[in-house]
Amino acid sequence: MKRWLRSDLAPFAWTMLVVFLGSLTAGLKAADSPHRTPLVRAVDLDVDEAQEITLADGAKVRVKLLKLTETRDALRDAVRQARVKVELNGQSLVLTSATYHLPVTFAGVQIDCPITKGHVANSSEGNAWGLVKDARLRLWPARSSWIEPGTFVYPLKQRWFASHTQMANEPSFVDGGEAPGNKKIYYHYGLDSGGAEGMVEVIAATAGRVISAGKEILPGYDDSPVKPRYDVIYLLDDRGWYYRYSHLQTIDPALRPGAQVALGQKVGVLGKEGGSGGWSHLHFDITSRQPSGRWGIQEGYAFLWETYQRQYAPKIIAVARPHHLVFAGDKVALDGSKSWSASGKIARYNWTFTDGTTASGPMVERTYAQSGEYSEILKVTDARGQVDYDFAAVLVIDKTAPDRLPPTIHPAFAPTTNIRAGDPVTFKVRSFRTTFGNETWDFGDGSERVTVKSDGNVDEHAKDGYAVTQHRFAKPGHYLVRVERTNEHGQKAIAHLHVPVERSGANPAKY
């Protein structure tokens with residue numbers, strides 16, 4: 001500036017420039033100030049503590065935390081189930097925290113428990129939740145939506161549970177990262193949805209402003225939850241909530257810091273960049289101010305579930321998750337009771353196990369004699385005859401050789417909706433913890449098996465890390481596609497995909 005400013009005017013000009021930039025930054029942040037009050041109310045409580053909460057409709061409710069029970073596994077001392085006993089206006093109930101559990105209606109209130117203290121006490125991620133008491137509870141009016149209609153959409157253009165997921169509080173497992181010897185537990189926070197690398201469009205769940213895109217960040221947000229990275233987008237909405245989209249293969253060029261993004265606008269394409277562990281997925285999380293005053297995770301599973309139903313009107317959804325980690329010979333309880341039907345009732349729960357045996361009922365117990373990764377099939381049928389499938393992933397460790405960890409495997413396919421008989425479908429697969437052997441696909445339609453070979457995650461960001469094949473289904477139907485790989489010790493990793501195929505010329509189905 002000295003080239004064009006007179007020396008006696010330079011100090012004044014610099015002062016005015018600083019004032020202008022400061023006012024510009026202040027103006028940007030003022031524009032981002034929250035002006036939409038969320039429907040949800042959160043409270044953090046210690047056991048035997050009570051508070052009165054004013055709900056979004058003005059009603060008041062007295063909530064007390066009576067008891068916290070955290071069940072840990074024998075392998076890692078990791079919390080596998082957390083349950084809280086809560087009193088609402090003098091009536092008590094028990095809630096299971098997160099792990100694919102939705103809010104429940106009780107005593108004229110909707111309530112859930114997204115996090116308990118055991119998940120932050122020995123977490124490799126620290127206290128990402130901003131929790132300083134025993135548990136967090138969230139409340140809504142009895143007939144309220146969980147998130148305001150018209151302000152939130154499902155952030156992926158694919159079918160629900162189309163591939164592996166890793167939702168809040170699930171210890172890491174897809175990329176083989178769940179090892180008994182790890183001293184710190186990676187309790188996952190946020191929502192991971194697996195998909196076919198480079199083939200799934202990621203869209204903005206909310207309207208908002210781009211705070212960071214890749215490594216660029218909007219000035220004035222250094223004290224926010226935003227942590228720029230080359231594969232990450234952060235958006236800020238009118239609730240004052242920050243949304244992170246991670247592991248993107250590509251970021252849409254329109255998303256520059258400071259840009260306004262419309263609801264449903266393209267953010268990028270799903271990938272396995274950054275700290276993905278090598279499996280292709282979208283990591284989506286929400287951060288907001290918590291009752292502790294700290295920034296912390298705003299659990300979003302219920303929001304995704306609700307908005308997916310609004311958009312796609314599924315008739316039935318099978319839920320066999322979360323995954324399980326056990327020693328060979330120990331019992332594991334498989335739970336399909338979180339499954340849902342629009343007709344209001346699941347009529348039948350049918351399980352088909354990897355060894356060919358079957359069982360019925362929402363909950364079953366199993367033991368496994370051999371180490372490996374198993375994928376157990378849940379079929380649910382509602383009162384109208386509608387069916388859906390999901391798969392329970394069970395990772396089994398040999399107690400006599402706990403360091404000889406079995407391989408794990410991640411399959412995905414695209415497209416995941418509106419597949420018609422004869423259409424080409426792309427299948428991708430990657431194995432972890434082994435470079436021995438090959439993956440073998442069985443497409444479930446009587447066709448010959450197909451053998452491929454992924455890289456075994458030697459380089460997690462390798463562009464050709466996933467092995468790719470295509471298949472066409474000649475007839476409509478529900479196909480259970482199986483893929484497996486065996487390592488040099490005979491330990492097998494097995495996974496399934498549910499591929500619904502419509503008849504040619506059929507109207508597009510909703511999922």
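Bear in mind the structure is a predicted one, so any value in this text is a computation, not a measurement.

> Looking at this structure, I do not really get the overall build of the protein chain. What am I missing?
A count of helices and strands for the protein chain gives three helices and 37 strands. Taken over the C-alpha trace, the protein chain has a radius of gyration of 24 Å; the compact-globule value for 511 residues is 24 Å, and the two agree within 12%. Referenced to the eigenvectors of the C-alpha coordinate spread, the extents of the protein chain come out at roughly 85 × 60 × 55 Å. Of the contacts formed within the protein chain by residues at least 6 apart in sequence, a portion of 66% connects residues at least 24 apart. If you sum the accessible surface of the protein chain, you get close to 21400 Å²; carbon and sulfur atoms cover 50% of it.

> Just to check I follow, could you spell out the packing of aromatic side chains for this structure?
Aromatic rings in a pair are described by how distant their centres are and how their planes are angled relative to each other. Following the criterion strictly, the structure yields 27 aromatic pairs and no others. Ring geometry for W160 against Y308: centres 5.4 Å apart, planes inclined by 45°, an arrangement best described as tilted. A residue pair is termed long-range when its members are at least 10 positions apart, and W160 in the loop between β8 (135–141) and β9 (165–166) and Y308 in helix α3 (residues 301–312) qualify at 148 residues. With a relative accessible area of 6%, W160 lands in the buried category. When the centroid spacing of 4.6 Å and the interplanar angle of 40° are considered together, the rings of Y368 and Y374 count as tilted. Under the relative-accessibility criterion, Y368 is labelled buried at 4%. Joined through ring pairs, the aromatic side chains of Y100, Y154, W160, F161, Y301, W305, Y308, Y312 and W340 make up one cluster. The cationic tip of R239 hangs over the ring face of W241; the distance from NZ or CZ to the ring centre is 5.4 Å. Sitting above the plane of the F161 ring, R321 keeps its charged end 4.0 Å from the centroid.

> Sorry, what's going on with the sheet that holds strand β18 (residues 266–270) here?
Strand pairing within a sheet occurs via backbone hydrogen bonds; the two strands may be parallel or antiparallel. Here we have three strands laid out as an open sheet, ordered β11-β18-β16, and antiparallel in their pairing. Looking along the sheet, the strands with just one partner apiece sit at the ends: β11 (201–203) and β16 (248–251). Here the average twist between neighbouring strands, direction ignored, is 35°. Of the strand pairs in this sheet, β11 and β18 are connected by three bridges, and their pairing is antiparallel.

> What exactly am I supposed to notice about the sheet that holds strand β6 (residues 104–106) here?
The sheet built from four strands is open, its strands ordered β1-β8-β7-β6 with antiparallel pairing. Strands with a single pairing partner mark the edges of an open sheet, and in this sheet they are β1 (41–45) and β6. Looking at each pair of strands side by side, their axes are set apart by 35° on average, direction ignored. Taken together, the six bridges between strand β7 (residues 109–116) and β8 define a ladder with antiparallel strand orientation. Within the sheet, the bridge partner assigned to D112 lies in β8 and is R138.

> Even after reading the chapter, I still don't get the pattern of salt bridges, so can you show me in this structure?
Any two side chains of opposite charge can pair, given that their charged atoms come close. Tallying each qualifying case throughout the model produces 27 salt bridges. Measuring nitrogen to oxygen at the nearest pair gives 3.6 Å for the salt bridge that ties D442 to R449. Its relative accessible area of 25% is what places D442 among the partly exposed residues. Taking the relative accessible area as the measure of exposure, R449 reaches 56% and is therefore exposed. Taken together, the salt bridges that share partners define one network made up of D73, R76, R80 and E178.

> Help me understand unusual backbone geometry in this model?
The bulk of non-glycine residues show a negative phi, and the bulk of peptide bonds are trans. With an omega of 15°, the peptide bond running from R321 to P322 counts as cis. Inspection of the secondary structure assignment puts P322 in the loop between β21 (316–317) and β22 (324–327). Backbone torsion omega between A414 and P415 reads -5°, so that peptide bond is classified as cis. Unlike most non-glycine residues, T99 shows phi in positive territory, near 40°. Relative to the helices and strands, T99 resides in the loop between β5 (91–96) and β6.

> Even after reading the chapter, I still don't get the environment of A179, so can you show me in this structure?
Checked against the element boundaries, A179 lands in the loop between β9 and β10 (191–194). Placed 226 residues apart in sequence, A179 and L405 show a C-alpha to C-alpha distance of 7.5 Å. When sequence neighbours within four positions are dropped, the list of residues in contact with A179 reads R76, L405 and R433.

> Is there a simple way to explain the nonpolar core in this structure?
Considering soluble globular proteins, one finds that nonpolar side chains tend to be buried as a cluster. With 39 residues, the main nonpolar core has F152, W160, Y245 and F284 as its most contacted residues. If you list the elements that add at least two residues to this core, you get β12 (208–213), β14 (233–236), β15 (242–246), β18, β19 (281–289) and α3. Residue contributions to this core peak at six residues, all from α3. F152 has contacts with I147, A205, T206, Y243, L263, F284, I286, F303, L304 and T307, leaving out every residue within four places of it along the chain. Membership of the second largest hydrophobic core comes to 20 residues, among which are V429, V483, L497 and V499.

> What's the story with the side chain of S172 in this structure? I'm lost.
Mapped onto the fold, S172 is located in the loop between β9 and β10. Residue contacts for S172: discarding those within four places in its chain leaves Q166, G177, E178 and Y186.

> Just to check I follow, could you spell out the pairing of β14 for this structure?
Side chains on a regular strand alternate between the two faces of the sheet. Because side chains alternate across β14, one face comprises the buried residues I233 and L235, and the other comprises Y234 and L236, equally buried. Sheet analysis places β12 next to β14, joined by four bridges and oriented antiparallel. Counted as the bridge partner of A213 is I233 from β14. As defined by bridge partners, β14 adjoins β15 across four bridges and the pair is classed as antiparallel. Along β15, the bridge assignment pairs I233 with Y245. Linking β14 to β15, which pair antiparallel, is a turn of five residues; within it G240 sits at a positive phi near 85°.

Cut-offs applied
Residues numbered from 1 in each chain as written. Predicted model: local features only at pLDDT ≥ 70, side-chain atom pairs only at ≥ 80, totals over all residues. Heavy atoms only, no water. Helix = DSSP H or I, 4+ residues; strand = E, 2+ residues; numbered from the N terminus. Rg over C-alpha atoms; globule rule 2.2 N^0.38 Å. Contact = heavy atoms within 4.5 Å. Areas by Shrake-Rupley, 256 points an atom, 1.4 Å probe, with all protein chains shown as cover. Phe/Tyr/Trp six-rings, centres within 6.5 Å; stacked < 30°, edge-to-face > 60°. Buried < 20%, exposed > 50% of the residue type's maximum accessible area, 1.4 Å probe, protein only. Lys NZ or Arg CZ within 6 Å of the ring centre and 35° of its normal. Pairing = 2+ DSSP bridges. Axes fitted to C-alpha atoms, helices over the stretch in contact; angles between N-to-C directions. Salt bridge = Lys/Arg side-chain N within 4 Å of Asp/Glu carboxyl O. Core = buried A, V, L, I, M, F, W, Y, C linked by side-chain atoms within 4.5 Å.

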